[in-house]
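# Reading the structure
The residues making up each chain are set out below.
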Amino acid sequence: MGKLIASVGNVLKEKGYPGLTIANISKDAGVDRKLIGLYFGTLDKLVETYIRGKDYWVSATMNAFEYFGNSPEVGSRGFLESLLLNQFEDFLTNTEMQKILAWQICEESAIMSEMSQEREKMSALFFAFADKELQGKDLDLRAVVTILVAGIYYVVLHSVHTKSTVCEIDISTPEGLDRIKASIKNILGWAYNSVEEPVG
């Protein structure tokens, strides 16, 4: 099972999503193709198992749920900042997830549609805690996070696929990375500070 799951990633990196066939995966794994049906039922279930293991937001949001469940007094800003900065670094280095996201955007896929819906359900767990903290305050945190997540995805995919800068920032350099990370922190700071109660 482990060989087959790992081979999904190998094939994805080498051939992209069109190459995710039973023949290619079983050949890469060096096992009989019948084992896919035996262990996973279908090719789609095998691919889904692989994606679940790689998806940053599914695991991160579950960690958020556990974290806030155990520490309800801890604010959402710091945790969200950490979540987004880690997502940026993870996505920048994870070539498999880059291909998975491109697949999700460019191709109609029942698997990716289901994963997207699952991400939405998982993110609702985090936002439930943030909503309590921000109740009565005029901050659309979902919209802010949407823009930040989309920006992270775009700037990474743009840089990887075109090998060029975005707005004259080169994220393949430490300086470029630091500028994006600092701006993620600043944007969250501006958003949260905009609804903080004035002192005195």
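Each remark here, short or long, concerns the structure printed above.
Residues numbered from 1 in each chain as written. Predicted model: local features only at pLDDT ≥ 70, side-chain atom pairs only at ≥ 80, totals over all residues. Heavy atoms only, no water.

Its location among the elements puts Ser26 in helix α2 (residues 22-29). Take Ser26: its relative accessible area is 7%, and that puts it in the buried class. Excluding residues within four positions of it along the chain, Ser26 makes contact with Leu4, Val31, Asp32 and Arg33. (Helix = DSSP H or I, 4+ residues; strand = E, 2+ residues; numbered from the N terminus. Buried < 20%, exposed > 50% of the residue type's maximum accessible area, 1.4 Å probe, protein only. Contact = heavy atoms within 4.5 Å.)

All right, on to the environment of Gly9 then. The residue Gly9 is located in helix α1 (residues 2-15) in this model. A sequence separation of 86 residues divides Gly9 from Thr95, and the C-alpha atoms of the two residues are 9.3 Å apart. Those residues in contact with Gly9 that lie beyond four places of it in its chain are Tyr50 and Glu96.

Tallying each qualifying case throughout the model produces 3 salt bridges. Notably, a salt bridge pairs Lys181 with Glu89, separated by 2.4 Å at the nearest N-O pair. In this pair, Lys181 sits in helix α10 (residues 174-193) while Glu89 sits in helix α6 (residues 76-93), placing the two residues 92 residues apart along the sequence. Assessed through its relative accessible area of 38%, Glu89 is described here as partly exposed. Close ionic contact of Arg142 with Asp131 constitutes a salt bridge, the shortest N to O distance being 2.8 Å. On the criterion of sequence distance, the pair formed by Arg142 in helix α9 (residues 141-162) and Asp131 in helix α8 (residues 110-133) is long-range, its members being 11 residues apart. (Salt bridge = Lys/Arg side-chain N within 4 Å of Asp/Glu carboxyl O.)

What follows covers the environment of Thr162. Within the element layout of this structure, Thr162 appears in helix α9. A polar atom in the side chain of Thr162 sits 2.5 Å from the backbone oxygen of His158. A polar contact is formed between the side chain of Thr162 and the side chain of Ser164, at a distance of 2.6 Å. (Polar contact = N/O pair within 3.5 Å; in protein donor to acceptor, adjacent residues only side chain to side chain.)

Turning our eyes to something else, we now look at the environment of Leu4. By secondary structure assignment, the location of Leu4 is in helix α1. Using a relative accessible area of 1% as the deciding quantity, one classes Leu4 as buried. Beyond its immediate chain neighbours, meaning those up to four positions away, Leu4 contacts Ile25, Ser26, Ala29, Val31, Leu35, Ile36, Tyr39, Phe40 and Leu46.

Let us look at the packing of aromatic side chains. The relative placement of two aromatic rings is captured by the distance of their centres and the angle of their planes. Taken as a whole and assessed by the stated rule, the structure comprises 3 aromatic pairs. Plain terms: the ring middles of Tyr39 and Phe40 are 6.5 Å apart, the flat faces sit at 85° to each other, and that makes the pair edge-to-face. Classification of Phe40 as buried rests on a relative accessible area of 12%. Taken together, a centroid distance of 5.3 Å and an interplanar angle of 65° make the contact between Phe126 and Phe127 edge-to-face. Residue Phe126 is classed as buried on the basis of its relative accessible area, which comes to 4%. Residue Phe127 is classed as buried on the basis of its relative accessible area of 9%. (Phe/Tyr/Trp six-rings, centres within 6.5 Å; stacked < 30°, edge-to-face > 60°.)

Counting 52 residues, the largest nonpolar core has Leu20, Ile25, Leu46, Ile51, Leu80, Leu84 and Leu141 as the members making the most contacts within it. At 10 residues, α9 tops the list of elements feeding residues into this core. (Core = buried A, V, L, I, M, F, W, Y, C linked by side-chain atoms within 4.5 Å.)

What follows deals with a nonpolar patch on the surface. A cluster of nonpolar side chains, contributed by Met1, Leu38 and Tyr39, occupies part of the molecular surface with about 340 Å² of accessible area. Residue placement: Leu38 occurs in helix α3 (residues 34-40). When its relative accessible area of 63% is taken as the criterion, Leu38 is described as exposed. (Patch = residues over 30% accessible without salt bridge, like charges linked within 9 Å, V, L, I, M, F, W, Y side chains within 5 Å. Areas by Shrake-Rupley, 256 points an atom, 1.4 Å probe, with all protein chains shown as cover.)

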